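Results of the structural survey
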Amino acid sequence: GLVMEDPSAPQDELPPPRVLYHCACGMRTSITHLYVCHQCRNLRCPRCVTEEVDSFYCPNCLENMPSAEAALFANRCSKCFECPSCGHTLSSVFRASDSVFYLQCGFCRWDSLRLGLKSEKPDKLILTSIKRERASPVEQGASKLVERYQKIMSDQQRLREMTLRSRRSFSLSMPHFQHSALKPVTIADLEMQREEKEKELSGKSLDDVKERIPAPGVPEGLRGEFDVSEVATLEQRFCQMGDQPHYLRDVYPRRRHLFTKRSKRCRTCERFVCKPELNPSIVTFKIHYIALRY
């Protein structure tokens, strides 16, 4: 159904006129945010659909990347870099005087020579930048935490599967134990073993990943008079969380974030209401049941 904004509000507080539609769940939203499910014959708002990531791609080079490779490169492109000064895409430039490649911004003319980031081959230049990014203490500490908790999760999953198999074998062997002098293992015993194992896993020490990373202090050059144009902004520091450089001369280029293409399903019947083309250069949809078209 249609819902109009309240016209009785004061004129100076009246928002721009809008028409809101009632979804089947009761939420009111704009028609541009609604989908039509042909199977359920009803409107679906963003709360009534589920999203699925179909593909990862770089918005600059438009190269598709598998999910495993995207996770390996921390959801960033492995080839494209952003300028640390203005955010534009950097390009590889060859200097014939000493036969080296370096990164340069075509907008603000920033280059990586001031950082000593150069190489005889463009591929080696990219690998050097990625290695420096992974060598930061923040990246190493985060990777240790992820590995540790992944191991704990796999141990807990293996313990649950072992308990389930033990229950099945116990139910099959009950007739045998009824005529045997051996004491059968009960479900309570299995539950006790599982609880003890979970306590053992949860109580394991994480001292190997609890190394504190020292916070960068304020350099002496910033305690007195200094040139503001040479100081990195907060956004530039937050983009380089490993060392958070104070000066622009220490800010390194960062890799482009990946974009995703996502499909949307109806939560009730699990039919697609929106499914894009996997090719990043194509902006059309295979399925697009948006309510604005009906």
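Refer to the structure presented above.
The structure presented is a predicted model; accordingly, all values stated were derived computationally and were not measured.

**As for the layout of surface pockets**
Each pocket or cavity is described by its volume, and for the second largest pocket that value is around 240 Å³. Lining of the second largest pocket is provided by Ala71, Leu72, Phe73, Ala74, Glu133, Arg134, Val138, Glu139, Ala142, Ser143, Val146 and Arg255. Taken together, the elements giving at least two residues each to the lining of the second largest pocket come down to α1 (67-72), α2 (122-134) and α3 (137-178). The element contributing the most residues to the lining of the second largest pocket is α3, with five residues. When grouped by side-chain class, the residues that make up the lining of the second largest pocket number seven nonpolar, one polar and four charged.

**As for the pattern of salt bridges**
For the structure shown, the criterion picks out 11 salt bridges. For glutamate 52, the salt bridge is made with arginine 265, and the minimal N-O distance between the two is 2.6 Å. Here glutamate 52, found in strand β6 (residues 49-57), pairs with arginine 265, found in strand β13 (residues 259-266); they are 213 residues apart in sequence, far enough to count as distant. In this structure arginine 265 comes out as partly exposed when scored by relative accessible area, which is 22%. Arginine 95 is the partner of aspartate 98 in a salt bridge, and the nearest nitrogen-oxygen pair spans 2.6 Å. Classification of aspartate 98 as partly exposed rests on a relative accessible area of 34%.

**Looking at the pairing of strand β8 (residues 76-82)**
Among the seven residues of β8, six are classified as buried, and the element is accordingly described as predominantly covered. Relative to strand β12 (residues 254-257), β8 runs antiparallel, the two sharing three bridges. Of the residues in β12, the one forming a bridge with glutamate 82 is arginine 254.

**Observations concerning the sheet that holds strand β15 (residues 285-288)**
Read across the open sheet, the five strands follow the order β7-β6-β13-β14-β15; overall the sheet is antiparallel. Unpaired on one side and paired on the other, β7 (64-65) and β15 mark the two borders of the sheet. Here β13 runs beside strand β14 (residues 272-276); their pairing, made up of two bridges, is antiparallel. Considered in β14, the bridge of lysine 264 is made with cysteine 274.

The rules behind these values
- Residues numbered from 1 in each chain as written.
- Predicted model: local features only at pLDDT ≥ 70, side-chain atom pairs only at ≥ 80, totals over all residues.
- Heavy atoms only, no water.
- 1 Å grid on protein atoms, 1.4 Å probe; cavity = no way out; pocket = protein on both sides within 12 Å on 5 of 7 lines; lining within 4 Å.
- Points joined across faces, edges and corners; volume = space filled by probe spheres on them.
- Helix = DSSP H or I, 4+ residues; strand = E, 2+ residues; numbered from the N terminus.
- Nonpolar A, V, L, I, M, F, W, Y, C, P; charged D, E, K, R; others polar.
- Salt bridge = Lys/Arg side-chain N within 4 Å of Asp/Glu carboxyl O.
- Buried < 20%, exposed > 50% of the residue type's maximum accessible area, 1.4 Å probe, protein only.
- Pairing = 2+ DSSP bridges.

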